[in-house]
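# Working through the structure, step by step
In case you want the letters, here they are:
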Amino acid sequence: MTLELLLRPDVPGDLLALLSLRGTFVFGVAALLSVLGGRRAPALERGLLRGTFAAYAVVVLFTVFPVFAGVSTLTVGSFTRTGLGDPTTPPLSGWPIVLWATGAALVVVRLGVGNGVARWRTRASRSVPTPVSLQDRVSSLARQRGLRRRVRVVVGSGLTTPATWGTLRPTLFLPVTCLSMDRSRLEAVIHHELEHVRAFDAAGAWLVAVAEATLWFHPLVHWIVRRFDDAKEFSSDRAAVSSSGDPVAYAETLLHFGALARERSAAAAGAAFARSGRLEERIRRIVSAPSADRPIGATAPGLAVVLIVTVALIVTVALALSVRATWSITVENGDSRPPVEASR
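Predicted model, so just to flag it, every value in this text is computed and none were measured.

Further remarks concern the packing of helix H6 (residues 183–198) against helix H8 (residues 219–244). Where H6 meets H8, the axes come as close as 8 Å, and the angle between the chain directions of the two elements is 145°. Relative to H8, the crossing made by H6 is right-handed. Along its contact with H6, which presents Ser184, Glu187, Ala188, His191, His192, Glu195 and His196, the element H8 presents Lys232, Glu233, Ser235, Ser236, Asp237, Ala239, Ala240, Ser243 and Ser244.

Here it is in structure tokens:
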């Protein structure tokens, strides 16, 4: 029955319950693989988690499309394929969709407003003429990293930290203070941002948004999102350090951007580059030897709590599916009474 719920596109039941169950399976497997791999290979973890979010996006299509194609008998609260408020729907089954839709809408608004404000602040920053030598150098470094896409460079006087926007036509925004950096430090910053471009992190953000919006209530999803954000930054930091060969100098560069962001605005465009809550952890990992990376056991307490909550969620979802299946069978047999009464 469990495999049927995970794999069959036409399985009867509740849409939200199936999304929760299938999402739990996808992200649960990813969490275990991520923890077992530790944080010693952030590039590998980044790829694993990016693939996880892509797989979940497929799961969403796999679950939702059969409903509109007429293949599935899924319901969503009291909303069914045949209309609103179907009399065969169990009592009080409409409030979950209202609650879920409200939460999903708030997440979409938060993500949209945050992304829009960041883009506006970045693009509205008064730009200064970009030196031709800088654009040529970025293009050369991009080719070295195997990038065929042209990366446009914009230097802004109002920027506090570097930022990269766009997937097919990426643009690298640099604070004007970067023009006064020595060559090796500037190239380290550029390598960091180019690694984001190479890994298609901008596109990956849309996949993350799908998971955050549809499973906003799921603790495991929030844990995976944070883990993915860290893996992206750690992997890009390693690319920067590999290019410069001087981890201390690169750590000092991060501190410079962090101080600049705090002086002007912590919410300025590109603040993720030097987010205060994680900057200390990034610097610790940069200046420490690879063997000093956080071991597997360091993340075990937090993961244990997440897994306990997840198990409880799976049990709840399974019970909900069981009740709904029983209700469907009762209705098909021509008895509109609740399953408990119908069995008497």
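Summed over all chains, the structure comprises four aromatic pairs. Ring centres of Trp216 and Phe217 lie 5.6 Å apart, and the angle between their planes is 90°; this geometry places the pair in the edge-to-face category. With a relative accessible area of 24%, Trp216 lands in the partly exposed category. One aromatic cluster is present, formed by Phe27, Phe53, Tyr56 and Phe228 through successive ring pairs.

The full count for this structure, using the stated rule, is 13 salt bridges. Linking Glu187 and Arg137 is a salt bridge whose minimum nitrogen-to-oxygen distance equals 2.6 Å. With a gap of 50 residues between them, Glu187 in helix H6 and Arg137 in helix H5 (residues 132–144) connect regions that are remote in the sequence. Assessed through its relative accessible area of 24%, Arg137 is described here as partly exposed. Among the salt bridges present, the one from Asp229 reaches Lys232, with a minimum N-O distance of 3.6 Å. Placement of the pair is Asp229 and Lys232 together in helix H8, with a separation of three residues, close to one helical turn. Shared partners join several salt bridges into a network, and the residues in it are Arg46, Arg145, Glu195, Arg198 and Asp201.

Turning to the pairing of strand E6 (residues 171–175), a few remarks are in order. For E6, a buried count of five out of five residues is recorded, marking the element as mostly surrounded by other parts of the structure. Both faces of E6 are covered, namely the face carrying Thr171, Phe173 and Pro175 and the face carrying Leu172 and Leu174. By the bridge criterion, five bridges tie strand E4 (residues 152–156) to E6 in an arrangement that is parallel. The residue of E6 that forms the bridge with Val153 is Leu172. By the bridge criterion, three bridges tie strand E5 (residues 163–165) to E6 in an arrangement that is antiparallel. Paired with Trp165 across the two strands is Thr171, which belongs to E6. Connecting E5 to the antiparallel partner E6 that follows it, the hairpin turn spans five residues, and Gly166 within it adopts a positive phi of roughly 95°.

Calculation rules
- Residues numbered from 1 in each chain as written.
- Predicted model: local features only at pLDDT ≥ 70, side-chain atom pairs only at ≥ 80, totals over all residues.
- Heavy atoms only, no water.
- Axes fitted to C-alpha atoms, helices over the stretch in contact; angles between N-to-C directions.
- Helix = DSSP H or I, 4+ residues; strand = E, 2+ residues; numbered from the N terminus.
- Left-handed = near helix turned anticlockwise from the far one by under 90°.
- Contact = heavy atoms within 4.5 Å.
- Phe/Tyr/Trp six-rings, centres within 6.5 Å; stacked < 30°, edge-to-face > 60°.
- Buried < 20%, exposed > 50% of the residue type's maximum accessible area, 1.4 Å probe, protein only.
- Salt bridge = Lys/Arg side-chain N within 4 Å of Asp/Glu carboxyl O.
- Pairing = 2+ DSSP bridges.

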